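# Coordinate analysis (summary)
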Amino acid sequence: MTERKDPAYISFTDAASLLVRRGIVGSMTPRGLRHMAESRSRKEPTAKDRWPFGDGPGQESYLVAGRTRMMRTARLLKYLERFPPKGRGPARLDDSDR
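Residues numbered from 1 in each chain as written. Predicted model: local features only at pLDDT ≥ 70, side-chain atom pairs only at ≥ 80, totals over all residues. Heavy atoms only, no water.

## Examining helix α1 (residues 12-22)
Along α1, the residues that are buried comprise Phe12, Ala15, Ala16, Leu18 and Leu19. Looking straight down α1, one finds its buried side chains confined to an arc of 165 degrees; they lie on one side. As for α1, its buried residues are in contact with β1 (9-11), α2 (30-41), β3 (68-72) and α3 (73-82). Of the residues trailing α1, glycine 23 is marked for its positive phi of about 80 degrees. (Buried < 20%, exposed > 50% of the residue type's maximum accessible area, 1.4 Å probe, protein only. Helix = DSSP H or I, 4+ residues; strand = E, 2+ residues; numbered from the N terminus. Arc of directions from axis to C-beta. Contact = heavy atoms within 4.5 Å.)

## What to know about the sheet that holds β3
Read across the open sheet, the 3 strands follow the order β1-β3-β2; overall the sheet is antiparallel. Where the open sheet ends on each side, the last strands, each with one partner, are β1 and β2 (63-65). Pairwise comparison of adjacent strand axes, ignoring direction, gives a mean angle of 40 degrees for this sheet. For β2 and β3, the ladder comprises 3 bridges, and the chain directions are antiparallel. (Pairing = 2+ DSSP bridges. Axes fitted to C-alpha atoms, helices over the stretch in contact; angles between N-to-C directions.)

## Section: the environment of arginine 40
Mapped onto the elements of the fold, arginine 40 is located in helix α2. Separated by 10 residues in the primary sequence, arginine 40 and arginine 50 place their C-alpha atoms 5.3 Å from one another. Apart from the residues within four sequence positions on either side, arginine 40 is in contact with Asp49, Arg50, Trp51, Tyr79, Leu80, Phe83, Pro84, Pro85 and Lys86.

Structure below.
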């Protein structure tokens, strides 16, 4: 079987799926990944866990393809392995929702 290589650049949608396949997170949506990017981009310029993509100091610019922001896959994976997502995870159903 041929090993599947990751693309050089990846969208938020494909990145969310890749993170789950790699086991970096148990679940992730593109919206959740975008939220993490926005909240981590607001950190001080010297914060070492700041989101690596954007227009700020120390951030790499997104590659824009049409209306899609693309990130360098290797840098994203390296960053998220070092600073994994923290959060409540997906919404849980209680007995009244079933």
